[in-house]
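An overview of the molecular structure
Chain by chain, the residues:
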Amino acid sequence: MRVVSGIQPTGSLHLGNYLGAIRNWVRMQDSVEGECLFFLADLHAITVYNDPRTLTANTREMAAALIASGIDPARAILFNQARVPAHSELAWLLFCTARIGWLNRMTQFKEKSGKDREGASIGLFAYPVLQAADVLLYNATHVPVGDDQKQHLELARDIATKFNGDFGVDLFTLPEPFIPPAAARIMSLRDGTAKMSKSDPSDMSRINLIDDADVIAQKIRKAKTDQDVLPSEPAGLSERPEARNLVTIFAALADSTSEQVLSEFGGSQFGPFKARLIEQLVATLTPIRERMLELRDDAKIDAILEDGAARARVLAQPTLGAAYAATGLQRSNRG
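All of the points below concern the structure found in this document. Just so it is clear, the structure is predicted and the values come from calculations on it, not from any experiment.

**Comments concerning the packing of helix α10 (residues 241–253) against helix α12 (residues 270–294)**
Contact pair α10 / α12: the axes reach a minimum separation of 10 Å and the direction vectors enclose 40°. It follows that α10 is oblique to α12 by the angle criterion. Of the two elements, α10 crosses α12, and the hand of that crossing is left-handed. Listed contacts from α12 to Ala243, Leu246, Val247, Ile249, Phe250 and Leu253 of α10 are Phe270, Phe273, Lys274, Arg276, Leu277, Gln280, Leu281 and Thr284. Residue composition of the contact of α10 with α12, grouped by class: 10 nonpolar, 2 polar and 2 charged.

In structure tokens:
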């Protein structure tokens, strides 16, 4: 089993990243019988303009956040994409295999480009092919995906199937989706219908992993709710997105269920519930924040990322070499 997953280094990691993906990465690292590769998708980050210095700083900060959250570079392979040129090289070969019609069906491009489709970068349009290269390069057997990424994984499988068929090879493994049962979908603290996001202009909409106890408390106290008491069963949350979000956060932090949370707090006002939620958040995130502050050493983080990249390059070379050979291209074996 080989698991591959990435995250863009665009802004600080927040609670939604942690409960939705990072915590499960840590659990996979500890439980998967095989290899886990986790990368910072800096090549994906430049599909829209990013200030170069900010991108470099964000990449290091996110690497520190992942390590502080429990990713162990000795057991998992942690690196940033740009240190492994094979991602870009394989992406070009797959660009020549993928079809425009397939990419036209990708719903996320329509969402990300908005009304200015003609002004979007080619990278933003074609990044699902780079995503395919990210996983096919390592013959990943499983890729952790949320609902919004299932379509992209299907595209990766289609590209792999076409490449294998076009060139008469059995090169690329068709990756399977891995949907962790405990993955929590965390929403904005200001709008329970929108995902918690690094790009939201309001910092009050999210809990950042670097937030201290006082900031966490302030954000939860001001988190949007409604006037009703908490219900005794989850069905009572169906039309109450903000209340449902806070209950989801509490349940995820406590490794429990919404039913269990509401059995304790059903019928109570939000004040006592929020106080307990603050306690849960501070207990979970304070050790992560303290470790992140300890890891603010650029040289140390760069050394960790380079070591991970060196290990990733070793795994990538056989697949990339075979892909070049299959297409009839000659390349140097150096580097």
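There's plenty left to go through after this.
**Quick look at the pairing of strand β1 (residues 2–7)**
Among the 6 residues in β1, 5 count as buried, and that is most of the element. With 6 bridges connecting them, β1 and strand β2 (residues 35–40) associate as parallel partners. Note on β2: the bridge partner recorded for Val4 is Leu37. Running through helix α1 (residues 15–31), the crossover from β1 to the neighbouring parallel element β2 is right-handed.

**Comments concerning helix α11 (residues 258–265)**
Along α11, the positions that sit buried rather than exposed are Val261, Leu262 and Phe265. For α11, the angular spread of the buried residues around the axis is 95°, confining them to a single face. Against α10 and α12 lie the buried residues of α11. Looking one or two residues beyond α11, the residue adopting positive phi is Gly267, at roughly 90°.

The rules we used
Residues numbered from 1 in each chain as written. Predicted model: local features only at pLDDT ≥ 70, side-chain atom pairs only at ≥ 80, totals over all residues. Heavy atoms only, no water. Axes fitted to C-alpha atoms, helices over the stretch in contact; angles between N-to-C directions. Helix = DSSP H or I, 4+ residues; strand = E, 2+ residues; numbered from the N terminus. Parallel < 35°, antiparallel > 145°, perpendicular 65-115°, else oblique. Left-handed = near helix turned anticlockwise from the far one by under 90°. Contact = heavy atoms within 4.5 Å. Nonpolar A, V, L, I, M, F, W, Y, C, P; charged D, E, K, R; others polar. Buried < 20%, exposed > 50% of the residue type's maximum accessible area, 1.4 Å probe, protein only. Pairing = 2+ DSSP bridges. Right-handed = clockwise from strand over helix to strand, strands pointing away. Arc of directions from axis to C-beta.

Remember that the coordinates give geometry; whether it matters functionally is a separate question.
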